[in-house]
Amino acid sequence: MKIKTTKQPPVSQVTQKITGNVLLRRLLLPLAVIMAVLLLWWLVCWFKIFPAYALPSPGDVWRSFKEEIAAGRLLNDIIASLWRVAIGFVMAACLAIPLGLWLGQHLSARSAFLPVLNFFRFLSPLAWIPFAILWFHIGDKPAVFLIFMATFFPLALAVMSAVATIPSIYFRVAHDYNYKGIELLTKVTLPAVLPQVITSLRVSYGIAWVVIVAAEMVGCQDGLGYGIWEARNGLRLDSAVCYMIVIGLLGMGIDRLLSQLTKLPNIRWGYER
Amino acid sequence: MKDNYTEAKLQLDHVSHRYGETAVLENVSLKVSPGEFVVLVGPSGCGKSTLLNLLSGYIKPVSGKVFMEGSIRTVYQQDGLFPWLTVTENINMGLRHIASRQEQEKELNDLIELIHLEGFEKHYPHQLSGGMRQRVELARVLGGDADTLLMDEPFSALDYQTRLRMRRELIHLLEKRPRTVVFVTHDIEEAAQLADRVLVLSNRPATICKELHIGAPRPRDLTDDAVVQAMKTILTELGLQTPGKTNV
């Protein structure tokens, strides 16, 4: 054992070089691009290409950011929006994934439901706004409903087609080894589609996060979308930009969390080929 | 006739099959005795895989009868392992009938040792080479109680040298754990090296056009007289051998 350790190449140097590259690629380069975008923004303001009231400068936005945090409004809005998206999204996922699994396995059910699911998928969730308000009045419910409508159909369709395209060889192997019924579903069908399910969860979460802003512009008294609406009404575009930045960052952050799921060892295979 | 059915583990009786307009098999009769290693060779697309699917019960013939007895497992050309399971978990699929944990563990370790994959227990299929994956497949079908193995071109996706090595390994494994084997291939060498009996299939619709018994003991080298002789016979049957040279 001792000989082995002494003979080992100077690993630390090699890893240092690799981590140096990764650091540059993952952190420094993106940071440089972000700085460039901020600089461009600042330059556009500096040369007064748009009037000051129509495009707040980075400095204005920074001040309004501090103001919103101090007032506690921003945090409150973030929590309200996250809550609505979470409820609507989890409800959609809990119904769409089982439905997709079922439809994927039954050709006639698939033929029966496909046109209706496709029809609703192509309806913009914003078209449901008047109904959302009439049915659910004000508060969290209309926004949750809109998130649900925005994510349920694409998710169900994605899971369905994932199940329908499972290579038949897996089912033949499963038959050889006596997997039947519930066991077939949980030990073969579900793990076979899990990588695709996670991808479609990420995509539909993205839709949900886009829709929440519009959904909160009506019928809500708080939330990030409402914040932007309020800022617009008061012609406080510095505050609006501050909300936009928060929305973008939160969206990225949660997608990052969801993408961690793809690193699980029994899911990783779906992203290797 | 009736008596034959009971003694045979696996039998096709005047079986014909078609997919829509395309006739795939025409009046094929085949009887596999217990412990026998039967190889089906034929041109690609001639219906070899259809024959295996009929034997495994995956499809039903249009006409004729299929008799099978005991449990049957299939080894596929590739991708038969579940990619979301580790080597251990994949092999354990074949050991699910064993109630005692300890026995299952012992059997698992035996199998992993048999296929020389110690140290790869926690690997996933996509982290293994093609040859290693097929070895895991062999361990999975050999573990447990299946009496009959159907093999659908199991080595055809491997490179030539790995293929040669896998043939040797298969013979070695079957010595330790004897099974009835029906093996489908387009590789004439493979047939000559492995089989007790080679069945040469014609072009579609397939019929059995030649039956050849090879008595030489295994493992057989590629250059053994018996293997070379068998290859000549098969090649001639398939029309791939220069006729004048067949009697050398």
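Caption draft 1: How the structure looks around the overall build of chain A. Regarding its fold elements, chain A presents twelve helices and zero strands. Element order for chain A, N to C, with α for helix and β for strand: α-α-α-α-α-α-α-α-α-α-α-α. For 273 residues, the compact-globule estimate of 2.2 N^0.38 gives 19 Å, and the C-alpha radius of gyration of chain A, at 24 Å, exceeds that figure by more than 25%. Counting only C-alpha atoms and orienting by the principal axes, one finds that chain A spans roughly 70 × 70 × 30 Å. The proportion of buried residues among the 273 residues of chain A is 37%. Taking the contacts inside chain A whose residues are at least 6 apart along the sequence as the reference set, 71% of them involve residues at least 24 apart. As displayed, chain A offers around 16,300 Å² of accessible surface, 72% of which is attributable to carbon and sulfur atoms.

Caption draft 2: Highlighting the environment of S111 of chain A. Residues and elements named next belong to chain A. Structurally, S111 is set in helix 5 (residues 107-121). As for S111 and L190, which are separated by 79 residues in sequence, their C-alpha atoms are 21 Å apart. Within the structure, S111 has its side chain in polar contact with the backbone oxygen of L107 (distance 2.8 Å).

Caption draft 3: Region of interest: the nonpolar core. One finds F82, I91, L170, F183 and V198 of chain B to be the most contacted residues of the largest nonpolar core, which totals 110 residues. Among the elements that line this core, the one with the most residues is helix 7 (residues 140-164) of chain A, at 16 residues. For F183 of chain B, the contacting residues outside a window of four places in its chain are F37, V38, V39, L40, M151, P154, F155, L170, E190 and L194 of chain B. Core analysis: the next-biggest nonpolar cluster, separate from the first, contains 23 residues, V24, V28, L55 and I59 of chain B among them.

Caption draft 4: Main features of the sheet that holds strand 7 (residues 180-185) of chain B. Residue and element names in this part refer to chain B. Within the open sheet, the six strands sit side by side as 5-6-7-3-8-9. Their pairing is mixed. The strands lining the two open edges of the sheet, one partner per strand, are strand 5 (72-75) and strand 9 (208-213). When strand polarity is set aside, the average angle formed by the axes of neighbouring strands in this sheet is 15°. Along the sheet, helix 2 (residues 48-56) makes contact with strand 3 (37-41), strand 5, strand 6 (148-152), strand 7 and strand 8 (197-201), crossing strand 6 at roughly 155°. Those strands touched by helix 8 (residues 225-237) are strand 3, strand 8 and strand 9, and its axis lies near 175° from that of strand 9.

Caption draft 5: Local environment of the sheet that holds strand 4 (residues 63-68) of chain B. Residues and elements named next belong to chain B. Read across the open sheet, the three strands follow the order 2-1-4; overall the sheet is antiparallel. Since the sheet does not close on itself, it has two edges, and those belong to strand 2 (22-32) and strand 4, each with one partner. Within the sheet, the average angular offset between the axes of one strand and its neighbour, ignoring direction, is 20°. Where strand 1 (residues 10-19) lies against strand 2, seven bridges are found, and the strand directions are antiparallel. Residue H17 lies in a different strand from strand 2, and its bridge partner there is L25.

Caption draft 6: Expanded view of the layout of surface pockets. Residue and element names in this part refer to chain A. In this structure, the largest pocket spans a volume of roughly 430 Å³. If you go around the largest pocket, you meet 15 residues; those closest to its centre are L38, W41, V61, I245 and L249. Every element with two or more residues in the lining of the largest pocket is listed here: helix 2 (11-46), helix 3 (58-71) and helix 11 (237-260). A total of six residues in the lining of the largest pocket trace back to one element, the largest contributor, which is helix 11. Residues belonging to the lining of the largest pocket are distributed by class as follows: 14 nonpolar, one polar and no charged.

Caption draft 7: Just a positive patch on the surface, in detail. Residue and element names in this part refer to chain A. Taken together, the side chains of R25, R26, R256 and K263 make up a positively charged region of the molecular surface. Topologically, R26 is positioned in helix 2. Judged by relative accessible area, which is 59%, R26 ranks as exposed.

Caption draft 8: Focus on the pairing of strand 1 of chain B. All names here are of chain B. Of all ten residues in strand 1, seven are buried, a share of seventy percent or more. Linking strand 1 back to strand 2 in an antiparallel pair, the connection comprises two residues, with G20 at a positive phi of about 60°. By the bridge criterion, five bridges tie strand 1 to strand 4 in an arrangement that is antiparallel. Looking across to strand 4, one finds that Q11 is bridged to F67.

Caption draft 9: Expanded view of the pairing of strand 3 of chain B. Residues and elements named next belong to chain B. Counting buried residues in strand 3 gives five out of five residues, a clear majority hidden from the surface. What you see with strand 3 is no split at all: F37, V39 and V41 on one side and V38 and L40 on the other are buried throughout. As judged from the five bridges shared by strand 3 and strand 7, these two strands associate in the parallel manner. Residue pairing for strand 7: V39 is matched across the bridge by F183. The sheet contact formed by strand 3 and strand 8 spans four bridges and is parallel. If you follow V41 over to strand 8, its bridge partner there is V200.

Caption draft 10: Local environment of the packing of aromatic side chains. On inspection of all chains with the given rule, the structure shows 22 aromatic pairs over all chains. In this structure an aromatic cluster arises from ring pairing among F119, F120, W128, F131, W135, F136, F145, F148, F152 and F153 of chain A. Here R96 of chain B stacks its cationic end above the ring of Y179 of chain A, 3.8 Å away from the centre of that ring.

Caption draft 11: Here's a closer look at the pattern of salt bridges. All names here are of chain A. Within the structure shown, the criterion is met by 23 salt bridges over all chains. In this structure, the salt-bridge partner of E183 is K187, at a minimum N-O distance of 3.6 Å. Of this pair, E183 and K187 both sit in helix 9 (residues 181-215), four residues apart, which is roughly one turn of the helix. Its relative accessible area of 27% is what places E183 among the partly exposed residues.

Scoring rules and cut-offs
- Residues numbered from 1 in each chain as written.
- Chains lettered and ligands numbered in written order.
- Predicted model: local features only at pLDDT ≥ 70, side-chain atom pairs only at ≥ 80, totals over all residues.
- Heavy atoms only, no water.
- Helix = DSSP H or I, 4+ residues; strand = E, 2+ residues; numbered from the N terminus.
- Rg over C-alpha atoms; globule rule 2.2 N^0.38 Å.
- Buried < 20%, exposed > 50% of the residue type's maximum accessible area, 1.4 Å probe, protein only.
- Contact = heavy atoms within 4.5 Å.
- Areas by Shrake-Rupley, 256 points an atom, 1.4 Å probe, with all protein chains shown as cover.
- Polar contact = N/O pair within 3.5 Å; in protein donor to acceptor, adjacent residues only side chain to side chain.
- Core = buried A, V, L, I, M, F, W, Y, C linked by side-chain atoms within 4.5 Å.
- Pairing = 2+ DSSP bridges.
- Axes fitted to C-alpha atoms, helices over the stretch in contact; angles between N-to-C directions.
- 1 Å grid on protein atoms, 1.4 Å probe; cavity = no way out; pocket = protein on both sides within 12 Å on 5 of 7 lines; lining within 4 Å.
- Points joined across faces, edges and corners; volume = space filled by probe spheres on them.
- Nonpolar A, V, L, I, M, F, W, Y, C, P; charged D, E, K, R; others polar.
- Patch = residues over 30% accessible without salt bridge, like charges linked within 9 Å, V, L, I, M, F, W, Y side chains within 5 Å.
- Salt bridge = Lys/Arg side-chain N within 4 Å of Asp/Glu carboxyl O.
- Lys, Arg positive; Asp, Glu negative; His and termini not counted.
- Charge placed at Lys NZ, Arg CZ, Asp CG, Glu CD.
- Phe/Tyr/Trp six-rings, centres within 6.5 Å; stacked < 30°, edge-to-face > 60°.
- Lys NZ or Arg CZ within 6 Å of the ring centre and 35° of its normal.

On their own, these measurements won't tell you what the molecule is for.
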